[in-house]
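So you can see what is in the structure, the chains are spelled out below.
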Amino acid sequence: MPCSCNSKRQQWEVVTAAGKSVFKSASKATADTVSGRYPGSTVKEIPKAGTAAAKTG
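Residues numbered from 1 in each chain as written. Predicted model: local features only at pLDDT ≥ 70, side-chain atom pairs only at ≥ 80, totals over all residues. Heavy atoms only, no water.

Undergrad: Before we move on, could you go through helix 1 (residues 28-35) and cite the residues and values that matter?
TA: Buried within helix 1 are the following residues: Ala31, Val34 and Ser35. Projected down its long axis, helix 1 carries its buried residues within an arc of 100°, all on one side. In helix 1, those exposed residues whose orientation departs by more than 90 degrees from the buried face are Ala29 and Thr33. (Buried < 20%, exposed > 50% of the residue type's maximum accessible area, 1.4 Å probe, protein only. Helix = DSSP H or I, 4+ residues; strand = E, 2+ residues; numbered from the N terminus. Arc of directions from axis to C-beta.)

Below, the structure written as structure tokens:
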């Protein structure tokens, strides 16, 4: 059975200017550093599973 600890942590992703997700991390500082390698990229928080923001449809 997989670990459920990631579902309880804050997750961050680096999204390029084209909208492609290129990196995911539990560390915002690491995500910020990686985003510096991609011009025009942004760091976004990934909604936790089970939250209203994560539910679609």
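Undergrad: Explain the sheet that holds strand 1 (residues 11-15) to me, using residue names and the numbers behind them.
TA: Judged by pairing direction, the sheet is antiparallel, and its 3 strands sit side by side in the order 2-1-3 without closing on themselves. This sheet does not close on itself; its edge strands, each paired only once, are strand 2 (21-25) and strand 3 (42-46). Each strand axis lies, on average, 30° off the axis of its neighbour in the sheet, ignoring direction. Sheet analysis places strand 1 next to strand 3, joined by 5 bridges and oriented antiparallel. Pairing of valine 15 across the sheet is with threonine 42, part of strand 3. Sitting on the sheet, helix 1 touches strand 1, strand 2 and strand 3, and the angle it makes with strand 1 is about 5°. (Pairing = 2+ DSSP bridges. Axes fitted to C-alpha atoms, helices over the stretch in contact; angles between N-to-C directions. Contact = heavy atoms within 4.5 Å.)

Undergrad: Could you give me a rundown of the packing of aromatic side chains, with the residues and numbers involved?
TA: Taken as a whole, this structure holds 0 aromatic pairs when the rule is applied. A cation over an aromatic ring shows up here: lysine 28 above the ring of tryptophan 12, its NZ or CZ 5.4 Å from the ring centre. (Phe/Tyr/Trp six-rings, centres within 6.5 Å; stacked < 30°, edge-to-face > 60°. Lys NZ or Arg CZ within 6 Å of the ring centre and 35° of its normal.)

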